[in-house]
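The lines below spell out each chain.
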Amino acid sequence: MRALERLLEIIQDVSAGKYSNDIMSLTDPGTPEPVRIIAEAMGLMMVKVEAREYHLEMLISELKSLNEKIRKNTIKTVSTMANALAARDPYTKGHTERVANLAEHIAMEMGLESGDIEYIRLGGLLHDIGKIGFPDYLFQPHEARNPPEMVNRIIKHPAVGADILHELDFLGPALEYVRSHHERPDGKGYPRRLKNTDIPLGAKIIAVADSFDAMTTERPYQKAMTPNVALEIFKRHAGEKWDAECVKALGRYLTKLDKAESSTCCAPQSFQII
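The rules behind each value
Residues numbered from 1 in each chain as written. Predicted model: local features only at pLDDT ≥ 70, side-chain atom pairs only at ≥ 80, totals over all residues. Heavy atoms only, no water. Salt bridge = Lys/Arg side-chain N within 4 Å of Asp/Glu carboxyl O. Helix = DSSP H or I, 4+ residues; strand = E, 2+ residues; numbered from the N terminus. Buried < 20%, exposed > 50% of the residue type's maximum accessible area, 1.4 Å probe, protein only. Phe/Tyr/Trp six-rings, centres within 6.5 Å; stacked < 30°, edge-to-face > 60°. Patch = residues over 30% accessible without salt bridge, like charges linked within 9 Å, V, L, I, M, F, W, Y side chains within 5 Å. Areas by Shrake-Rupley, 256 points an atom, 1.4 Å probe, with all protein chains shown as cover. Axes fitted to C-alpha atoms, helices over the stretch in contact; angles between N-to-C directions. Parallel < 35°, antiparallel > 145°, perpendicular 65-115°, else oblique. Contact = heavy atoms within 4.5 Å. Nonpolar A, V, L, I, M, F, W, Y, C, P; charged D, E, K, R; others polar. Core = buried A, V, L, I, M, F, W, Y, C linked by side-chain atoms within 4.5 Å.

Peer 1: Looking at this model, I keep getting lost on the pattern of salt bridges. Mind explaining?
Peer 2: A side chain with one charge may pair with a side chain of the opposite charge, provided their charged atoms come close. Scanning the entire structure with this criterion turns up 13 salt bridges. Salt-bridge contacts for Glu109 lead to Arg252; the nearest nitrogen and oxygen are separated by 3.4 Å. Note that Glu109 is positioned in helix H3 (residues 95-109) and Arg252 in helix H10 (residues 244-262), a separation of 143 residues in sequence. Overall, the relative accessible area of 18% leaves Glu109 in the buried class. Lys131 is paired through a salt bridge with Asp128; the nearest N and O atoms lie 3.4 Å apart. By relative accessible area, which is 23% here, Lys131 ends up partly exposed. With relative accessibility at 10%, the residue Asp128 sits in the buried group. One continuous salt-bridge network, built from bridges that share partners, spans Glu97, Glu104 and Arg121.

Structural data, given as C-alpha cells:
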C-alpha cells in the first residue's frame, strides 16, 4: 500500500509540473508489479514530456532571437530613411543622430530607467520621419516664407510620422514621442495642441533636444547660436515652449560637458552635440 500511496503522490506532483527522479525508486524489482509497471510508464512519459518542453523552450528562444534581429534591422532601416531625409539639406545633415544623442543624455540627467531611455533615443532618431513626403525645395537653402499650404503640411509631419510607423508595435511609447514632439506645455504646439501633463515626458525631452540642435547649428535663416545663448532662450521660455524640468536637465548636462571640455588642453571654442 505504501508503494501505491507514493506513486499517487508522485503522479500528483507531475500533474502540477513538478518533475523529479523519485518515480524511478518505484521501478526496482522489489516494487509490486502493478505499481512498478505504472511507474515505468510514468517515467517514460516524463522523459518525453521534458524532451518536448526543452524543444519548445529552444524554439521560443530562437523565435525571440529572430524577433530581436528583425526589430533591430527594421529600426536600422527606418533610421537610415530618417538620416537620408536630413541629408537632403546640408544644414540638417546628422540632425536626427544629434537629437537622439542629446535626448538620451537629457533623459539620463533626469534619472530615467534604461528601458525608457532607449525608447526616447529611438523617438529622437525617428522624430522627423513624417517629412518623407516633403518636396526637395523645403530641404534646400531659401529665405522666403513658406506659403500657408506648405506650413499646413509642415505642422502635420509629427502625425504623419506616427501614422507611417504605427504598425511597428515594438516602438512602444516612441511612437507617441514622434507624434507629440512639437507639442508645448502652454498648449500652443502641434498637431493636437496638448498641454503640459498631456504631453509624454519622452516627447518633451525630444522637443528640447530638437530645438537645441536647431539653434546651435548653422541654418539658412539663422546663424548658429552658442550653447549658452540657446540655453538662456530655453530658460526664458521654460514652462511655455519647453518643459521646465527638461530645460533644467539640459542645463546640467551642458555644464558637465563644458567642464569636461575645459579640463582638456585643447578645449573646442564652440559646442556641438555629436
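Moving on from the coordinates now.
Peer 1: Please clarify how unusual backbone geometry should be interpreted in this entry.
Peer 2: Outside of glycine, negative phi angles account for most residues, and trans bonds account for most peptide bonds. With an omega dihedral of 10°, the bond running from Tyr190 to Pro191 counts as a cis peptide bond. Inspection of the secondary structure assignment puts Pro191 in the loop between helix H7 (174-180) and helix H8 (201-216).

Peer 1: For this particular structure, what's the right way to read the packing of aromatic side chains?
Peer 2: Taken as a whole and assessed by the stated rule, the structure comprises two aromatic pairs. Seen from their ring centres, Phe212 and Phe234 are 6.3 Å apart, and the 40° between their planes marks the pair as tilted. Note that Phe212 is positioned in helix H8 and Phe234 in helix H9 (residues 227-236), a separation of 22 residues in sequence. Each member of the pair, Phe212 as well as Phe234, is classed as buried. Between Phe234 and Trp242, the ring centres sit 4.2 Å apart and the planes meet at 40°, which makes this aromatic pair tilted.

Peer 1: What is the right way to read a nonpolar patch on the surface from this model?
Peer 2: On the surface, a nonpolar cluster with roughly 300 Å² of combined accessible area is contributed by Met81, Ile132, Val160 and Ile164. Here Val160 is to be found in helix H6 (residues 157-165).

Peer 1: Honestly, the packing of H3 against H10 in this entry has me stumped. Any pointers?
Peer 2: Two quantities define a packed helix pair, namely the angle between the axes and the distance from one axis to the other. The geometry of H3 relative to H10 is characterised by a closest axis approach of 8 Å and an angle of 100° between their N-to-C directions. One finds that H3 runs roughly perpendicular with respect to H10. Where H3 approaches H10, its residues Leu102, His105, Ile106 and Glu109 are matched on the opposing element by Cys246, Ala249, Leu250, Arg252, Tyr253 and Lys256. Broken down by class, the residue content of the contact of H3 with H10 amounts to six nonpolar, one polar and three charged.

Peer 1: What's the story with the nonpolar core in this structure? I'm lost.
Peer 2: Note that soluble globular proteins tend to have their nonpolar side chains buried in a common cluster. Grouped together as the largest cluster of nonpolar side chains are 42 residues, with contacts concentrated most on Ile106, Leu126, Leu165, Phe234 and Leu250. Counting only elements with at least two residues in this core, the list comes to helix H2 (33-87), H3, helix H4 (114-126), H6, H7, H8, H9 and H10. A per-element tally of this core places H8 first, with seven residues. Not counting residues within four places of it along the chain, the set of residues in contact with Leu165 comprises Val78, Leu126, Ile129, Leu171, Leu175 and Val178.

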